[in-house]
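What follows is the residue order along each chain.
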Amino acid sequence: MPQAALILYNSLSRSAEPFRPLDPAGVRVYSCGPTVYNYAHLGNLRAYVFTDTLARTLRWKGYPLTHVMNITDVGHLQSDADEGADKMEARARETGKDIWAIARHYTEAFKRNLRDLNVQEMSRMPLATDHVDEMIAFAAAIADRHCYLLDGGLYFDTATVPDYGRLAGRAEDEREGRIDPVEGKRHPEDFAIWRRSAPGENRQMEWDSPWGRGAPGWHLECSVMSRLYLGERFDIHTGGIDHREIHHPNEIAQNQAHRGCGNEPGFTGATVWMHNNFLVERAGKMSKSSGEFLTLQTALDRGFHPLAYRLMCLQAHYRSEMEFSWEGLAAAAIRLKRLVQTVATLRHLAGPSRGGDFPSPAISDQLDEFDRAISDDLATPRALVALDRLLSLKKQSPASMLGAIARMDEVLGLSLLSLDRADLRVRPVDAMIDERAVAARLGDRVQARAARDFARSDAIRAELAASGVDVMDGDALGWDWRPKG
Ligand code: AMP
Ligand code: ZN
């Protein structure tokens, strides 16, 4: 049974804190989801491997979980600080496509990415555009006391809530001097909660509101949907580290305003605010708006199994910056293959008689260490070491080893017991190895050898080698071929 107390790093206090659920009978988590104007890049997907690791860890700890992730299909401007065009509208204009079709296409692609990465199903994935009425009602409730109207729309006055920007941890003087293109704003940090369409602006998505026809500001949707699905108070709110600076402080300000912050200055909505660090390339942070970017499909096209990327993410702590390189992904793929091969051997040894065995003390030790690692602010690199140690134990019952691996995999999500070794062949897209043709030639070779026609068998081996295939005779794990390295 899991023993260690769960500790999570809270960006609000900038410290690791023991996790105390508001209601142990059901933990409530909200994760900021993608803006669906393009494919998710590998950096975005790192954010969701992190939230999934959090969700799996909470479940491992025995908490029933409600996990909500929004889909942003309206309102996110090109800069988080309220500048530029709406990303969705800009994309529609660029491509000449229907904005709703764009949203649907990238939402589906995103959900496919999550499935490929073994991200467990959310309780709900609400769309912003399905909640515009609730957003208008929320804005109307705070407008008198906390907002002011400009030509551009309804703006939130950040001076009307206590401690604005505490989450960002910005010093007062750092906030000065931000150049702001919006005339009439009372403070540079003030932000639009309803954006009025400019005269002559041709938006595909717009709605009527008490502040004119237009669209909701991006920050509003998360305050509204988290409150609607998880309640005014919930346990954990997640996002990438960039959200710690603007998006989440603005959500907190809205939450405070709606709650009536005078009564309760410490109120922030979620108790714990967690942020994953960035995936970077040597050239800098990976970003969707910078033209070329790496998607999961790019990795699949290069012959990588998606779970190799998941493992790559788990090898770094979520609060550390992680640098992407193809060599790094290849190393993760090899590590995954080794894990899967070892598990395959154990499955072979265990045969059909599975389960029933109690873990030996040596196995229990590694399960305990695994639990301590993930309980320590999701220290997945350490948890993977516990898995490695478990796999290197000698003279254990294969069935109880498999039981322990299955337990660990509940958190790791690497499909260690079901992945097929053949799935993990790293095959460059341009190598053009046709697996069926290889299998057929290997069949011919088996026949040739059975007929003791070794010349023919050798000729087939040479022919396969010329097309990039290494024939593996007598491989201990039963692989019959692999792509030439
Ligand atoms: P977006 O679709 O741009 O709204 O971003 C979706 C999520 O990905 C947010 O939680 C971002 O904070 C996060 N994110 C964006 N870029 C990166 C990156 N390079 N590495 C890790 N997370 C990122
Ligand atoms: Zn959000």
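Residues numbered from 1 in each chain as written. Chains lettered and ligands numbered in written order. Predicted model: local features only at pLDDT ≥ 70, side-chain atom pairs only at ≥ 80, totals over all residues. Heavy atoms only, no water.

Let's talk about the coordination of the zinc ion (ligand 2)
- Listed as protein donors to the zinc ion (ligand 2) are C32 (SG), C222 (SG) and H247 (NE2); their distances from the metal cover 2.0 to 2.2 Å.
- Mapped onto the polypeptide sequence, the residues donating to the zinc ion (ligand 2) form the spacing pattern C-x189-C-x24-H. Note that C32 is positioned in the loop between β3 (27-31) and α1 (42-60) and H247 in helix α7 (residues 247-259), a separation of 215 residues in sequence. Judged on exposure class, the residue C32 and its partner H247 are both buried. (Donors = N, O, S within 2.8 Å, 3.2 Å for Na, K, Ca; no water. Helix = DSSP H or I, 4+ residues; strand = E, 2+ residues; numbered from the N terminus. Buried < 20%, exposed > 50% of the residue type's maximum accessible area, 1.4 Å probe, protein only.)

A word on the side chain of K185
- Mapped onto the elements of the fold, K185 is located in the loop between α5 (172-175) and β9 (191-196).
- Side-chain polar atoms of K185 contact the backbone oxygen of P188, separated by 3.3 Å.
- Polar contacts involving the side chain of K185 include one to the main-chain carbonyl oxygen of D190, which spans 2.7 Å. (Polar contact = N/O pair within 3.5 Å; in protein donor to acceptor, adjacent residues only side chain to side chain.)

Digging into the packing of helix α14 (residues 435-450) against helix α15 (residues 454-466)
- At a closest axis distance of 8 Å, the pairing of α14 and α15 adopts a crossing angle of 160°. Classed by the angle they form, the pair α14 and α15 counts as roughly antiparallel. Of the two elements, α14 crosses α15, and the hand of that crossing is left-handed. Taken together, the residues of α15 that come into contact with α14 (itself represented by V438, R441, L442, D444, R445, A448 and R449) are F454, R456, S457, I460, R461, E463 and L464.
- Classifying every residue of the contact of α14 with α15 gives 6 nonpolar, 1 polar and 7 charged. (Axes fitted to C-alpha atoms, helices over the stretch in contact; angles between N-to-C directions. Parallel < 35°, antiparallel > 145°, perpendicular 65-115°, else oblique. Left-handed = near helix turned anticlockwise from the far one by under 90°. Contact = heavy atoms within 4.5 Å. Nonpolar A, V, L, I, M, F, W, Y, C, P; charged D, E, K, R; others polar.)

Some points on the domain arrangement of the chain
- If you check the domain split of the chain, you get domain 1 (7-282), domain 2 (302-422) and domain 3 (429-483).
- Averaged C-alpha coordinates put domain 1 and domain 2 at centres separated by 34 Å.
- Residue-level contacts link 28 residues of domain 1 with 33 residues of domain 2.
- Here domain 1 meets domain 2 over a buried area of about 2800 Å², counting both sides, of which 59% is carbon and sulfur.
- Inspection of the region where domain 1 meets domain 2 yields 3 salt bridges.
- Of the charged contacts, one joins D52 and R310 as a salt bridge, the two residues approaching to 2.9 Å between their closest N and O atoms.
- Linking domain 1 to domain 2 there are 20 residue pairs in polar contact (both at pLDDT 80 or more).
- Contributing elements (two or more residues each) for the side of domain 1 that touches domain 2: β1 (7-10), α1, β12 (270-276) and β13 (279-281).
- For the side of domain 1 that touches domain 2, the element with the most residues is α1, which contributes 12 residues.
- The class makeup of the residues in the side of domain 1 that touches domain 2 is 15 nonpolar, 7 polar and 6 charged. (Domains from an automatic or database assignment. Buried area = accessible area lost by both parts, 1.4 Å probe. Salt bridge = Lys/Arg side-chain N within 4 Å of Asp/Glu carboxyl O.)

Some thoughts on the nonpolar core
- Residues Y309 and F324 are the most contacted members of the largest nonpolar core, which totals 107 residues.
- A total of 10 residues in this core trace back to one element, the largest contributor, which is helix α10 (residues 326-350).
- Two domains each donate at least three residues to this core, and these are domain 1 (7-282) and domain 2 (302-422).
- By size, the runner-up hydrophobic cluster in this structure holds 17 residues, among which are V29, I236, V272 and M274. (Core = buried A, V, L, I, M, F, W, Y, C linked by side-chain atoms within 4.5 Å.)

Remarks on the side chain of N70
- By the secondary structure assignment, N70 is in the loop between β4 (65-69) and β5 (77-79).
- On the accessibility criterion, N70 (0% relative accessible area) is buried.
- For N70, the side chain forms a polar contact with the main-chain nitrogen of G33, separated by 2.8 Å.
- Here the side chain of N70 touches T72 through a polar contact of 3.2 Å, side chain to side chain.
- Not counting residues within four places of it along the chain, the set of residues in contact with N70 comprises Y30, S31, C32, G33, P34, P126, E221, C222 and M225.

Notes on the packing of aromatic side chains
- On inspection of all chains with the given rule, the structure shows 11 aromatic pairs.
- Taken together, a centroid distance of 5.8 Å and an interplanar angle of 80° make the contact between F19 and Y63 edge-to-face. Here the residue F19 occupies a position in the loop between β2 (15-18) and β3, and Y63 occupies one in the loop between α1 and β4, the gap between them amounting to 44 residues.
- What makes F19 buried here is its relative accessible area of 9%.
- Y63 gets classed as buried once you look at its relative accessible area, which sits at 19%.
- When the ring of Y48 is compared with that of F110, the centres are 5.1 Å apart and the planes differ by 80°; the resulting orientation is edge-to-face. Residue Y48 is found in helix α1, and its partner F110 is found in helix α3 (residues 99-116); the two are separated by 62 residues along the sequence. (Phe/Tyr/Trp six-rings, centres within 6.5 Å; stacked < 30°, edge-to-face > 60°.)

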